[in-house]
Amino acid sequence: MGQIEWAMWANEQALAAGLILLTGGIVAVAGQFKGWYFAAYSIAAGVLVCLLEYPRSKRKKGSTMERCGQKYLTAVVKLLGPLTRNYYIRAILHAALAVPAGFLLSTILGTVCLGIASGIYLLAAVRGEEWRPIEQKPRERPQGGGTMKAPPSNPPPRPPPDARRKQPELGGQVNPIPVEVE
Amino acid sequence: MALSWRSWLANEGSKHLFLFFWLSLNVWLFGKTFLLYNQGLQYYYLHQMLGLGLCISRASASVLNLNCCLVLLPMCRVLLAFLRGSQKVASKKTRRLLDKSKTFHVTCGVTICIFSVLHVAAHLVNALNFSENYNEEFVTLNAANYRGEDPRKLLFATIPGLTGVIMVLVLFLMCTASTYAIRVSNYDIFWYTHNLFFVFYMLLMLHVSGGVLKYQTNLEEHPPGCFNPNKTLRQNLTVPKALGELFPDYTTEPFPEDPPVPEPFAQNSFTRVCSEEPKFQSHFPETWFWISGPLCLYCVERLYRYIRSNKPVTITSVISHPSNVLEVRMVKDDFEARPGQYVILHCPRVSALESHPFTLTMCPTDTKATFGVHLKVVGDWTERFRDLLLLHSNQDTEILPIFQQRRYPNDGWKCYKLRRLYFIWVCRDIESFRWFADLLCMLHNKLWQENRPDYINIQLYLSQTDGIQKIIGEKYQALNSRLLIGRPRWKLLFDDIAKCNRRKTIGVFCCGPNKISKILHKLSNSSNSYGTRFEYNKESFS
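The shown structure was predicted, so the numbers you read here are calculated from the model rather than taken from an experiment. (Residues numbered from 1 in each chain as written. Chains lettered and ligands numbered in written order. Predicted model: local features only at pLDDT ≥ 70, side-chain atom pairs only at ≥ 80, totals over all residues. Heavy atoms only, no water.)

Details of the side chain of Ser-7 of chain B
Just so we agree on the cut-off: In this description a helix means any DSSP run of H or I spanning at least four residues, a strand means any run of E spanning at least two, and both kinds are numbered starting from the N terminus. Here, two residues are considered to be in contact whenever any of their heavy atoms come within 4.5 Å of each other.
Its location among the elements puts Ser-7 of chain B in helix 1 (residues 5-39). Ignoring sequence-local partners within four residues, the contact set of Ser-7 of chain B consists of Ser-524, Asn-525, Ser-526, Arg-533 and Phe-534 of chain B.

Written as structure tokens, this is what we have:
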């Protein structure tokens, strides 16, 4: 139990809550229910929450599954620095965003779900968790320097490397026994 | 890769057939209930009040009934293991279908979520309509107390409403904790929230006992839409459309779209006069019939598992393998298991609540009751378990060198249908092969002695070549010559195996990451020119 990362669960909940807010808001605006201004707000809040929660945070240990295409939003969320990194701020933000949607029947479920997510984020913050961006690992180029040797510059038959090192390169075949043309 | 219809049918056929059957059942239930509430005379006045919301909410409720009943059954693992292992009951097709029980559970769970959304939305509309269309004529039919009552009171201050809201929250918690990402990273969250299902079912029992929606009982005496001479014609008196069409002269107002009244009733009700007021009664909660059976079955199963797990297990030896792998051998009274099954280990000294599954690497036989698991130390539970075992190593366990505990392979060759085994093992680290190096060598030697050298075909693949200089050792000569560098080329492997076993049926058993599983699945379904059929099976825990 000691190593549970609560933030990951809070993230799933907040994303789901954002979608619920969005759906409830769209239904209320389309049906022109009474108090549809709350619904319009809830659409905006839902979109904001979804965008904020889409990039998953990096786990402390082990590899993290990225959501499809999250690297673009990661770049944006990273820019906000401590505002998005700190989970206390996220907990308060979600709690605040959730309240106005509670006044309309079709979005009240979104309020409660976002409220629960906010509570779990608070728990995560108390346990010292933080949002860390998942960085793209730079593509490892094959190391050409140390292990790969330069190709031989002289044609075969080639003397062994020791012999080559002892004698200076004369830019061509060096005969160990002088050849006399007859 | 071309698809082979024979292979596809063998691999996917029964699964898809079963799913098709289940889907048809759901569609039929939805349609039947929808039409019942849309056209049924006993719901005529209720339908007038609530409209489409009534039909959708009741239809989705019936689908929810079915799925809440079915979702528990695949989780009765002891029962399923019994069915699967019993040779009298199950054929191979049924056994392979039973292997898919977890997928079916997930399918039913997702259906419950989707139809819950539909059900809740429809009931929200119903709450609004109960409030706005308060029926002064038939007061008992109403759920609201007066016209224009706040619909939120109907939602939160009634038993069905409140239990429904809490059920939605429980479902929300269960759903968000069941995603693949959470199961893979924090299994505990998934496990503990999923056990809230019991709260969900208790609330469900209460939810349906509210009896808010009523049906009319005295259809003979009061056919809906009948003529009541004691009441004056009011402006909003609606005449069923069927009657209006029959006698157009007698209707002065355009009538709204009404549920069609069947012919006999139409004629009767026009000529008949209402002899009495309609009487309404709540349904008996049929959900209780749907869910009580599976819920009891599942509770009995959990109780059985708990009682069975209370008997302690004695650890007889602990062997430390390279790459952080521990082999634990144990004995337990009356324990039977077959190859391929797994056990769940629970060690109260390590953690009071956690328990973890491990596949059996050694099963108890008739002559030897020891069984064993190999576990890799990756998380905090396995770390603490290893520390505990090594700490207690002097007291009641012994760490025996690998050779002495040899009694592989299991005694006696029973008559298996297995003709040949291709064992393909892919590892990243060359030291990992040591986990079963002894077992494999012994098996190879034994088969060599019994003149069946081609019974098992071992291929070891090393996918990363970092520590290649560490050779596994001279005593594992048989394995050294079977070691290949790089990942296996599955297509070539399948072609090779197909060529050597023409027209036979080959079972593919995959235990590994999803990527490999997908490739093998696709290859098992594709065609080859040798007439060989591959049946695909896979094992997954999360």
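Following the structure, the description resumes.
What about the sheet that holds strand 10 (residues 483-485) of chain B?
Residue and element names in this part refer to chain B. For the record, the criterion: For two strands to be treated as a pair, DSSP must find no fewer than two bridges joining them. Think of each axis as a best-fit line through the C-alpha atoms, taken over the contacting stretch in the case of a helix, with angles from 0 to 180 degrees between the N-to-C directions.
Read across the open sheet, the three strands follow the order 8-9-10; overall the sheet is parallel. The open sheet is flanked by strand 8 (421-427) and strand 10, the only strands paired with a single partner. Here the average twist between neighbouring strands, direction ignored, is 25°. Most of the contacts of helix 16 (residues 434-449) go to strand 8, to which it runs at about 160°, and overall it touches strand 8 and strand 9 (456-462). With respect to the sheet, helix 18 (residues 490-500) is in contact with strand 8 and strand 9, its orientation differing from that of strand 8 by roughly 170°.

Quick word on the UniProt feature "transmembrane region" (unreviewed entry) in chain B
Residues and elements named next belong to chain B. Rules: UniProt positions are given in the numbering used here, feature names are shortened, and annotations may be inferred rather than shown by experiment.
Following the UniProt record, one finds the feature "transmembrane region" (unreviewed entry) at residues 20-39, 59-83, 104-125, 154-177 and 189-208. Structurally, residues 20-39 comprises 100% helix and 0% strand, and the distance from its first C-alpha atom to its last is 28 Å. Helix makes up 100% of residues 104-125 and strand 0%, whereas the separation of the span's terminal C-alpha atoms amounts to 32 Å.

Looking at the packing of aromatic side chains
How we decide: Side-chain rings of Phe, Tyr and Trp (the six-membered ring for Trp) are treated as a pair once their centres are within 6.5 Å; stacked means planes under 30 degrees apart, edge-to-face means over 60, and tilted covers the remaining angles. To sit over a ring, a charge needs its Lys NZ or Arg CZ within 6 Å of the ring centre and within 35 degrees of the ring normal.
Per the stated rule, a full pass over the model turns up 29 aromatic pairs over all chains. Taken together, a centroid distance of 6.4 Å and an interplanar angle of 20° make the contact between Phe-30 of chain B and Phe-34 of chain B stacked. Within this pair, Phe-30 of chain B and its partner Phe-34 of chain B are both found in helix 1, separated by four residues, close to a single helical turn. Each ring, one from Phe-200 of chain B and one from Tyr-201 of chain B, has its centre 5.9 Å from the other, and the planes form 75°; the classification is edge-to-face. Through a chain of ring-to-ring contacts, three or more aromatic side chains come together here, namely Phe-197, Phe-198, Phe-200, Tyr-201 and Tyr-298 of chain B. Over the ring of Tyr-54 of chain A we find Arg-67 of chain A; its NZ or CZ atom is 5.8 Å from the centre of that ring.

Quick notes on the interface of chain A and chain B
Operational definition: Computed with a 1.4 Å rolling probe, the buried area is the accessible surface lost when two parts are put together, summed over both parts. In the sections that follow, a salt bridge refers to a side-chain nitrogen of Lys or Arg positioned within 4 Å of a carboxyl oxygen of Asp or Glu. N or O atoms within 3.5 Å of each other form a polar contact, as long as, within protein, one can give a hydrogen and the other can take it, and as long as residues adjacent in sequence are counted only when both atoms are side-chain atoms. Residues are grouped as follows: Ala, Val, Leu, Ile, Met, Phe, Trp, Tyr, Cys and Pro are nonpolar; Asp, Glu, Lys and Arg are charged; every other residue, Gly included, is polar.
The interface is formed by 25 residues belonging to chain A together with 26 residues belonging to chain B. Both sides of the chain A and chain B interface together cover about 2,100 Å² of buried area, and 75% of this is carbon and sulfur. Our enumeration of links across chain A and chain B arrives at zero salt bridges. Counting across the interface, chain A meets chain B through two residue pairs in polar contact (both at pLDDT 80 or more). When residues of the side of chain A that touches chain B are traced back to their parent elements, those giving at least two are helix 1 (6-30) and helix 6 (108-126) of chain A. Ranked by residue count, the leading element in the side of chain A that touches chain B is helix 1 of chain A, at eight residues. Residue classes in the side of chain A that touches chain B are distributed as 16 nonpolar, four polar and five charged.

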